[in-house]
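# Secondary and tertiary structure notes
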Amino acid sequence: SPAAKPLPSYVSWKDSSALIVHSSGTIETRRSAFGTSVITPAEQLYVRNNLPAPDASIIANRDAWELQIEGVKRPATLKLQQLKRMGLETVTAVLQCSGNGRGLFPSKPSGTPWQIGAAGCVVWSGVPVRALIAALGGVADGMVYMTGTGGEKLPEGIDPKSIMVERSVPLKALDEAILAWEMNGAPLPLAHGGPLRLIIPGYAGVNNIKYIKRLAFTTEQTEANIQKHGYRISPPGQKGDATHPSVWEMNVKSWINSPAPETGDIPAGDTLIQGVAFGGMHAVKTVEVSVDGGKTWKAARFIGPDMGKYAWRQFVLAVRLDAGNYTIACRATDSQGQVQPEARAENAGGYNNNSWKDHAMQINVV
Ligand code: MSS
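Position numbers for residues count from 1 along each chain, tracking the sequence in the order it is written. Totals for whole chains, interfaces and linings use all residues, but because this is a predicted model, local features are given only for residues with pLDDT of at least 70 and pairs of side-chain atoms are given and counted only at 80 or more. Side-chain calculation: all heavy atoms of the structure are included, whereas hydrogens and water are not.

Broken down by element type, the protein chain carries 4 helices and 21 strands. To get the radius of gyration, use the C-alpha atoms; to get the globule rule, take the number of residues to the power 0.38 and multiply by 2.2 Å. In terms of overall size, the protein chain behaves like a compact globule, its C-alpha atoms giving a radius of gyration of 21 Å where 366 residues would be expected to give roughly 21 Å. Across its three principal axes, the protein chain shows a C-alpha extent of roughly 65 × 40 × 40 Å. Three exposure classes are used, based on accessible area relative to the maximum for each residue type with a 1.4 Å probe and protein chains only: buried under 20%, partly exposed in between, and exposed over 50%. A buried classification covers 54% of the 366 residues belonging to the protein chain. Put simply, DSSP H or I for four residues or longer makes a helix, DSSP E for two residues or longer makes a strand, and each gets a number counted from the N terminus.

In structure tokens, the structure reads:
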């Protein structure tokens, strides 16, 4: 096996045994680390930084962090301390990189070859964007998008648009969005966007702007490269542009965490097949498991608390397996009846892979 890379210093507090370090800005949770109790602890949560993380000094005085709000009737710059008095909500939501599952594309699109671990289920707490807007007189007339800007310091001499993390989402996303300062009951770590982060439940990771410094309601999508060309569902071989859908709403998905081939052979007899399932924008309703590569399916049972429609649910199915090779798979269905598809939707960036077939695994029972 390739030599394990050490954790970069900005995340040295994380649990290295739970993580695969692809690069300093791309760190994946191991399948074996997910556990069975719904929430992903901060120490085990994946990290994706498109730019180097800001200096830790930005969390030294969290309450002094400033957010600029534009495209409302009364634009303002507010300190986190003020935001904390404007409203409070808690939401449990899956945070998932749009490239999660890219490593399962046979075409090997460029980008981090994430398997299943660029995702986690997290409890976020903060002020609803709705409450903030109401306090500022409402969204200005004619606005179509909500645009968030990351607080990274950009190097000089480079066109900021070419590297800045700024994303636009449809205006309706504001209904459920929060500006979060807390994660899993603790102040938001710098690596996950502290002191303040935009959380848009159900939307792909990239839209959840870390260390947010500006929230703007706009008539157009941002011209930043990460929006204009990046994170677009373009056909293989084609560069993304405005004519291709942006990665916004997540789709229905599930995968098996145990048993997994990485943990070795499985003894014959009783086995629990266990994993996670979520619906993206809608609650997950059912999940089925197959031990014959998708020829036949059995309904699995959800376990643990239901943390709401944006959270994932843990599932389990008890099976008895004789010695042999098995292809185990799972397939989720959401409350709208949308079923996790067999085939991935091919695209140049390797985004949104929810193919149950790509996520199936070979296990060896002895
Ligand atoms: N934000 C900022 N500011 N920066 C960066 O870089 N990234 C993205 C998001 N946000 C960023 C941001 C991405 S891309 C993702 S996934 C996410 O974030 C992650 O998160 P964490 O916490 O895990 O790290 Mo893909 O779709």
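Structure's up, so let's keep going.
If you look at the biggest cluster of nonpolar residues, it comprises 55 residues, and the most contacted ones within it are Val129, Met146, Leu179, Leu198, Leu215 and Trp312. At the level of secondary structure, the elements contributing two or more residues to this core comprise β4 (66-70), α1 (80-83), β7 (119-128), α2 (129-135), β8 (145-150), β10 (178-183), β13 (212-218) and β15 (269-278). There are two domains that each give this core at least three residues, and those are domain 1 (9-228) and domain 2 (253-365). Throughout, a contact is declared for two residues whenever any of their heavy atoms are within 4.5 Å. Among all residues touching Val129, those that are not within four sequence positions of it are Met146, Leu174, Ala177, Ile178, Leu179, Leu198, Leu215 and Phe217. If you look at the next biggest cluster of nonpolar residues, it comprises 21 residues, including Ala277, Ala300, Leu321 and Val365. We define the nonpolar core as a collection of buried residues of types Ala, Val, Leu, Ile, Met, Phe, Trp, Tyr and Cys that are connected through side-chain atoms lying within 4.5 Å of one another. Source of the domain bounds: an automatic or database domain assignment.

Turning to the side chain of Ser246, a few remarks are in order. By the element assignment, Ser246 lies in the loop between α4 (225-228) and β14 (253-258). Here Ser246 falls in the buried class, since its relative accessible area comes to 10%. Of note is the side chain of Ser246, whose polar atom sits 3.1 Å from the side chain of Arg167. Other than its neighbours up to four places away in sequence, Ser246 contacts Arg167, Gln227, Tyr231 and Arg232. Side-chain atoms alone can form a polar contact between residues adjacent in sequence; in general such a contact is a pair of N or O atoms within 3.5 Å, and within protein one must be able to donate a hydrogen while the other accepts it.

Glycine aside, a negative phi is what most residues show, and trans is what most peptide bonds show. Following Gly194, the chain continues to Pro195 via a peptide bond in cis, the omega torsion being 10°. Of note, Pro195 is situated in the loop between β11 (186-187) and β12 (197-199). Ser258 connects to Pro259 through a cis peptide bond whose omega is -5°. In this model, Val38 sits at a positive phi of 70°, which is unusual for a non-glycine residue. One can find Val38 in the loop between β2 (26-29) and β3 (47-48).

It is worth spelling out the environment of Ser23 at this point. For Ser23, the position within the fold is in strand β1 (residues 19-23). Residues Ser23 and Leu174, spaced 151 residues apart in sequence, show a C-alpha to C-alpha distance of 32 Å.

What follows concerns the pairing of β14. Across a regular strand the side chains alternate sides, sitting on one face of the sheet and then on the other. Across the 6 residues that make up β14, a large majority, 5, are buried. At least two bridges found by DSSP between two strands is the condition for calling them paired. Across 5 bridges, the pairing between β14 and β15 is antiparallel. Of the residues in β15, the one forming a bridge with Ser258 is Gln274.

We now examine the domain arrangement of the protein chain. Along its sequence, the protein chain is carved into domain 1 (9-228) and domain 2 (253-365). Taking only C-alpha atoms, the centre of domain 1 and the centre of domain 2 are 27 Å apart. At the interface, 33 residues of domain 1 touch 31 residues of domain 2. Two parts placed together each lose some accessible area under a 1.4 Å probe, and adding up what both lose gives the buried area. Summed over both partners, the interface of domain 1 with domain 2 comes to about 2500 Å²; 60% of that surface belongs to carbon and sulfur atoms. Looking only at domain 1, the three residues that lose the most surface to domain 2 are Arg31, Val38 and Phe105, adding up to 28% of its buried area. By definition, a salt bridge exists where a carboxyl oxygen of Asp or Glu is found within 4 Å of a side-chain nitrogen of Lys or Arg. Scanning the region where domain 1 abuts domain 2 turns up 1 salt bridge. Across the pair Glu262 and Arg31 runs a salt bridge whose closest N-O atoms are separated by 3.1 Å. Connecting domain 1 to domain 2 are 10 residue pairs in polar contact (both at pLDDT 80 or more).

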